[in-house]
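# Commentary on secondary and tertiary structure
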Amino acid sequence: MRRYFGRKLLVYGLTFLVAVTINWMIPRFMPGDPVQSMLARANVSQPAAVEAMRAHYTGLFGLDLPLWQQYGNFWAALFRGDLGISVWLFPTPVTDVIMRAVPYTLALLVPAILLSWWAGNRFGAFAARRSWLDNTALPIGYVLTATPYMWLAILLAWGLGVVAGVFPVSGGYSFAMRPNWSWEFAGDLALHWFLPFASLFLVAFGGWAIGMRNMIIYELEADYSTYLASLGAPARLIRRYAFRNAVLPQITGLALQLGVLVAGALVTEIVFSYPGLGHLILQAIQNQDFFLLQGAFLFIVVGVLAANFVIDVVYVLVDPRTRTGMGGEAA
Amino acid sequence: MTADPGTTPETAPQAAPAVPARRNEALYFAVRNGKLLAGLAVLLPLLVLAVAGPLLTGGDPNAYVAAPASPPSSERWFGTTMFGQDVFAQFVYGLRITFVVGVLGGGLAAVIGMVIGFTAGYRGGLVDEVLNMLTNIVLVLPALAVLLIVNAYLGIRSVGVQALFIGLTSWPWAARAIRAQTFSLRSRDFVDLARLSGVSTWKIISREIAPNMSSYLVMTFILLFGGSILIAASLDFIGLGPSQGVSLGLMLNNAARWSALHLGLWWWFVPPGAGITAIVGALYVMNVGLDEVFNPKLREL
């Protein structure tokens, strides 16, 4: 088990190193002058502000220092939580801008991932043993997984938002409101949250349901199931064993799909102008705000790594083989 | 990346050692497999449309040809955009780009995945450790986030380069799956025999190991193909796609940006998304069909 976690931590550490290095390398080795292009885009008119920005950017990039020193400084700044200053929202530090967006993204992602996983697995296992349900659910599941997140989001926004007028189609809360602790505001938040959540949930749900359905069929045909059946064990018991075995690969699947789900959340937020990280990234791209873009990138990487680690821990809890060290290779 | 969770490495039926010589048998089951045929029935017309379509629609898909925002009619099958561009023409050209990105991106990812998977699985030892580490690193790095950064800074605006970057980031799960399969084949008798008779490593891999998992390789490519299409659509939608020309993702982007939703121009945003869904969905269904064709255990007789 120590070996298993040791390996995992090594991979995560190296991944983080690679991510930070990509982040550091790209502005330095790309053609053109990033400082100049950001200043030009910033559209700040006061000379004092322009000078402050130039000094800050040059200092952050440390372009006059030797490369290895620049690299070191980049890490040092990173550990102080200093990701530079946003061009788009000058002079707010990037860290603050990101921290404001993160709660919205998490509020979308965490329930969407967990609920779709749970419901998809339940439904897949349920559908696998009823042929009429299997025949109708399977095609729907395939269509759902194949749907691009933003398209389902657009369809939902159009159908339930514009045509039916049930849900608002953009923003995190109504323009008329200011964030505060009241039931009215909470209700407004929930109303704006529902459609982006639903589009994420539905696409992911299809994938889990199909995966689980295939796994359950595979497990029910396995030798231990037929053996149990021939011993006269009740079908319920066999299904319970099959479910427990089928859930393990689904946990690995969850780790593999995290990046895709995060990507889905980003484009979904863009459709709904939901004030999370995805919306922020779009603004950063459109305003050529590279510090903000880099900050968001690092944040996503750290988030995905942390979530992967949680899944690893869960895996150890559910799969006894990992605890005895055998699964270190497979997982 | 966008692997159907049902066929991720751990869940895939072990090695499905295909029936070698009996080519006809696979064909026999292929033409009787409903899923495979249904997938093809969706995919082939779209492919034909993508290849031959520009003949129907004429030159520039972005040309302003008709009254703006007009609904579908016998004249303009998919109506026009807010600017009077023919949605059908854009759709047809977008399909082309979609197939090209899928083939190039998915193909490159499949090649990288195969090289790394075969090498790691066959060689084992230190080579395996290093390649495994590399695979795991790229696997947990969120590909879209990397593509965002690279794309935004380098300002890449061509289909080829986009496909290149997608290919370079989406191979890890394929490499892992192929490695696992190679691992299980490596110690079989026929491989041992080849090794004893002094056949070179690459010949063993290409003549002995790869043919035995050819069906699995085909399915891996199909999933990578679908995944590339979805990633490309997301990038285009964010505005990091090719700047000239059209793609299905870019059409969605334009429709959303010029508030087609609020104006009720559904014919602008329904076709591109439906096109992507149809292609990728057909690929996934075909994948299941192929699995049944190649794997006798799964056949429903």
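Just so you know, these numbers come straight off a predicted model, no measurement behind them. (Residues numbered from 1 in each chain as written. Chains lettered and ligands numbered in written order. Predicted model: local features only at pLDDT ≥ 70, side-chain atom pairs only at ≥ 80, totals over all residues. Heavy atoms only, no water.)

### Some points on unusual backbone geometry
Positive phi values are uncommon outside glycine, yet Ser-273 of chain A reaches one of about 45 degrees. Tracing the backbone through its elements, the reader meets Ser-273 of chain A in the loop between α10 (235–272) and α11 (277–286). (Helix = DSSP H or I, 4+ residues; strand = E, 2+ residues; numbered from the N terminus.)

### A few points about the interface of chain A and chain B
Opposite the 62 residues of chain A that make contact, chain B presents 55 residues. Both faces combined, the contact of chain A with chain B buries some 5100 Å², and carbon together with sulfur accounts for 79% of it. Sorting the residues of chain A by area buried against chain B places Tyr-142, Trp-151 and Leu-256 of chain A first, and these three jointly supply 12% of that buried surface. Joining chain A to chain B, the criterion identifies one salt bridge. Measuring nitrogen to oxygen at the nearest pair gives 3.2 Å for the salt bridge that ties Glu-129 of chain B to Arg-7 of chain A. Counting the contacts that link chain A with chain B gives two residue pairs in polar contact (both at pLDDT 80 or more). Mapped by element, the contributors of at least two residues to the side of chain A that touches chain B are α1 (2–29), α6 (131–146), α7 (149–163), α8 (183–220), α10, α11 and α12 (290–318) of chain A. Here the residues of the side of chain A that touches chain B are counted per class, giving 47 nonpolar, 13 polar and two charged. (Contact = heavy atoms within 4.5 Å. Buried area = accessible area lost by both parts, 1.4 Å probe. Salt bridge = Lys/Arg side-chain N within 4 Å of Asp/Glu carboxyl O. Polar contact = N/O pair within 3.5 Å; in protein donor to acceptor, adjacent residues only side chain to side chain. Nonpolar A, V, L, I, M, F, W, Y, C, P; charged D, E, K, R; others polar.)

### Points about the pattern of salt bridges
Residue and element names in this part refer to chain B. In total, this model carries five salt bridges over all chains according to the counting rule given. With a shortest N-O distance of 2.9 Å, Lys-35 and Glu-292 are connected by a salt bridge. Residue Lys-35 is located in helix α2 (residues 34–57), and its partner Glu-292 is located in helix α13 (residues 266–294); the two are separated by 257 residues in the primary sequence. The partly exposed category is assigned to Lys-35, whose relative accessible area is 22%. (Buried < 20%, exposed > 50% of the residue type's maximum accessible area, 1.4 Å probe, protein only.)

### Remarks on the packing of aromatic side chains
One pass over the full model with this rule turns up 16 aromatic pairs over all chains. Pairing Phe-5 of chain A with Phe-309 of chain A gives two aromatic rings, centres 5.8 Å apart and planes at 55 degrees, and the pair type is tilted. A residue pair is termed long-range when its members are at least 10 positions apart, and Phe-5 of chain A in helix α1 and Phe-309 of chain A in helix α12 qualify at 304 residues. The class of Phe-5 of chain A is buried, set by a relative accessible area of 18%. Residue class for Phe-309 of chain A comes out partly exposed when judged on its relative accessible area of 28%. Each ring, one from Trp-75 of chain A and one from Phe-79 of chain A, has its centre 5.8 Å from the other, and the planes form 25 degrees; the classification is stacked. Of this pair, Trp-75 of chain A and Phe-79 of chain A both sit in helix α4 (residues 67–79), four residues apart, which is roughly one turn of the helix. Over the ring of Phe-183 of chain B we find Arg-186 of chain B; its NZ or CZ atom is 5.0 Å from the centre of that ring. (Phe/Tyr/Trp six-rings, centres within 6.5 Å; stacked < 30°, edge-to-face > 60°. Lys NZ or Arg CZ within 6 Å of the ring centre and 35° of its normal.)

### Remarks on the nonpolar core
For soluble globular proteins, the rule of thumb is that nonpolar side chains tend to be buried together. Membership of the largest hydrophobic core comes to 180 residues, with the highest contact counts inside it found for Leu-277 of chain A together with Ile-238 of chain B. Per element, the largest residue contribution to this core is 18 residues, and it comes from α10 of chain A. (Core = buried A, V, L, I, M, F, W, Y, C linked by side-chain atoms within 4.5 Å.)

### Some details on the environment of Asn-24 of chain B
Residue and element names in this part refer to chain B. Relative to the elements of secondary structure, Asn-24 occurs in helix α1 (residues 23–30). With a relative accessible area of 64%, Asn-24 lands in the exposed category. Separated by 23 residues in the primary sequence, Asn-24 and Leu-47 have C-alpha atoms spaced 26 Å apart.

### Focus: a nonpolar patch on the surface
All names here are of chain A. A contiguous nonpolar patch, built from Val-310, Val-313, Val-314, Leu-317 and Val-318 and spanning about 380 Å² of accessible area, is present on the exposed surface. Considering the arrangement of structural elements, one finds Leu-317 in helix α12. The class for Leu-317 is exposed, based on a relative accessible area of 62%. (Patch = residues over 30% accessible without salt bridge, like charges linked within 9 Å, V, L, I, M, F, W, Y side chains within 5 Å. Areas by Shrake-Rupley, 256 points an atom, 1.4 Å probe, with all protein chains shown as cover.)

### A few points about the confidence of the model for chain A
The predicted structure's coordinates, where accompanied by low pLDDT, should not be read in detail. Residues and elements named next belong to chain A. On average, chain A scores 82 in pLDDT, and the residues at 70 or more come to 91%. Taking the mean pLDDT of every element in chain A, the minimum, 68, falls on helix α2 (residues 34–42) and the maximum, 90, on helix α5 (residues 94–127). Taken as a whole, residues 327–331 scores under 50 in pLDDT and shows 10 contacts with residues more than four places along the chain or in a different chain. (pLDDT = per-residue confidence, 0-100.)

### A short note on the environment of Leu-195 of chain A
All names here are of chain A. Mapped onto the elements, Leu-195 comes out in helix α8. C-alpha of Leu-195 to C-alpha of Leu-152: the two residues are 43 residues apart in sequence and 10.0 Å apart in space. Among residues more than four places away in sequence, those in contact with Leu-195 are Leu-156, Ala-157, Leu-160, Gly-161, Phe-167, Pro-168 and Phe-272.

### Brief notes about the environment of Tyr-12 of chain A
When you line up the elements, Tyr-12 of chain A lands in helix α1. Accessibility expressed as a relative area gives 9% for Tyr-12 of chain A, which makes it buried. For the pair Tyr-12 of chain A and Asn-308 of chain A, spaced 296 residues apart in the sequence, the C-alpha separation amounts to 8.9 Å. Setting aside residues no more than four positions away along its own chain, Tyr-12 of chain A makes contact with Leu-305, Asn-308, Phe-309 and Asp-312 of chain A together with Val-140 of chain B. A polar contact is formed between the side chain of Tyr-12 of chain A and the backbone oxygen of Asn-308 of chain A, at a distance of 3.4 Å.

### Things to note about the confidence of the model for chain B
All names here are of chain B. Per-residue pLDDT for chain B has a mean of 82; in total, 90% of the residues score no lower than 70. Here residues 1–20 scores under 50 on pLDDT; set against residues more than four positions off or in separate chains, the count is 58 contacts. Two summary scores accompany this predicted model of the complex, namely pTM at 0.86 and ipTM at 0.85.

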